[in-house]
Amino acid sequence: MNDTYDLDNRPPCWKPGTQCPNNCARDHYKRIVDNHVSLTGPWAGWRLAGRDLVAPTGERIPERRLRGLLWRVDAADLHDATRKRNAARKAGQRSMVKVVVVDLGDWRERHFGTRAG
């Protein structure tokens, strides 16, 4: 093996056989070799460990589970949008109906006269 080939993929400030010189080098090593990434901002406390997303409580969410949750949210959004669109369409189709109550005898008399009955 060649000396230039670094199996551990260490940062240049961390020489093989020595202790980790600083946090930056340790984080780089964890990120490249172990695929452990700490997240920041609204994701503070969460981290990536291998292929899993790890919650601050230690729960691991595999990639497949996360994809399923995202699919479910998308499906629910599509369902809600369709419901809203159908409700708006039905509301536009409805019109006011005028109901008139007429006694049957009066109606017959008015349309056919008194002799037709």
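Bear in mind the structure is a predicted one, so any value in this text is a computation, not a measurement.

Thresholds, definitions, all that
Residues numbered from 1 in each chain as written. Predicted model: local features only at pLDDT ≥ 70, side-chain atom pairs only at ≥ 80, totals over all residues. Heavy atoms only, no water. Helix = DSSP H or I, 4+ residues; strand = E, 2+ residues; numbered from the N terminus. Buried < 20%, exposed > 50% of the residue type's maximum accessible area, 1.4 Å probe, protein only. Areas by Shrake-Rupley, 256 points an atom, 1.4 Å probe, with all protein chains shown as cover. Patch = residues over 30% accessible without salt bridge, like charges linked within 9 Å, V, L, I, M, F, W, Y side chains within 5 Å. Salt bridge = Lys/Arg side-chain N within 4 Å of Asp/Glu carboxyl O. Lys, Arg positive; Asp, Glu negative; His and termini not counted. Charge placed at Lys NZ, Arg CZ, Asp CG, Glu CD. Polar contact = N/O pair within 3.5 Å; in protein donor to acceptor, adjacent residues only side chain to side chain. Contact = heavy atoms within 4.5 Å. Phe/Tyr/Trp six-rings, centres within 6.5 Å; stacked < 30°, edge-to-face > 60°. Pairing = 2+ DSSP bridges.

### Things to note about the overall build of the protein chain
Then step 1. Counting secondary structure elements, the protein chain contains three helices and four strands.
Then step 2. Starting at the N terminus, the α and β elements of the protein chain follow one another as α-β-β-β-β-α-α.
Then step 3. Counting all 117 residues of the protein chain, 8% fall into the buried class.
Then step 4. On the protein chain, roughly 10,700 Å² of surface is accessible, and the fraction owed to carbon and sulfur atoms is 54%.

### Notes on a positive patch on the surface
Then step 1. The grouping of Arg85, Arg89, Lys90 and Arg94 at the surface amounts to a positive patch.
Then step 2. Within the secondary structure layout, Arg85 lies in helix α2 (residues 63-93).

### So, the side chain of Asp52
Then step 1. Mapped onto the fold, Asp52 is located in strand β3 (residues 52-54).
Then step 2. Overall, the relative accessible area of 19% leaves Asp52 in the buried class.
Then step 3. Polar side-chain contacts of Asp52 include one of 3.1 Å to the side chain of Arg60.
Then step 4. Leave out the neighbours within four places in its chain, and Asp52 touches Arg47, Arg60, Ile61, Pro62 and Glu63.

### A look at the packing of aromatic side chains
Then step 1. Applying the stated criterion to the full structure yields one aromatic pair.
Then step 2. Ring geometry for Trp43 against Trp46: centres 5.4 Å apart, planes inclined by 80 degrees, an arrangement best described as edge-to-face.
Then step 3. Trp43 sits in the partly exposed class, given a relative accessible area of 43%.
Then step 4. Given the relative accessible area of 22%, Trp46 is considered partly exposed.

### A short note on the sheet that holds β3
Then step 1. Pairing within the open sheet is antiparallel, and its four strands lie in the order β1-β2-β3-β4. The sheet terminates laterally at β1 (36-38) and β4 (60-61), the two strands that pair on one side only.
Then step 2. Note: β3 against β4, two bridges, orientation antiparallel. Note that in β4 the partner of Val54 across the bridge is Arg60.

### Description of the environment of Ala55
Then step 1. Within the secondary structure layout, Ala55 lies in the loop between β3 and β4.
Then step 2. Classification of Ala55 as buried rests on a relative accessible area of 9%.
Then step 3. When the C-alpha atoms of Ala55 and Ala44 are compared, they prove to be 9.6 Å apart, with eleven residues separating the residues in sequence.
Then step 4. In contact with Ala55, other than residues within four places in its own chain, are Gly45 and Trp46.

### What to know about a nonpolar patch on the surface
Then step 1. There is a patch of nonpolar side chains on the surface, built from Val100, Val102, Leu104, Trp107 and Phe112 and spanning about 500 Å² of accessible area.
Then step 2. Secondary-structure assignment places Val102 in the loop between α2 and α3 (104-112).
Then step 3. The class for Val102 is partly exposed, based on a relative accessible area of 41%.

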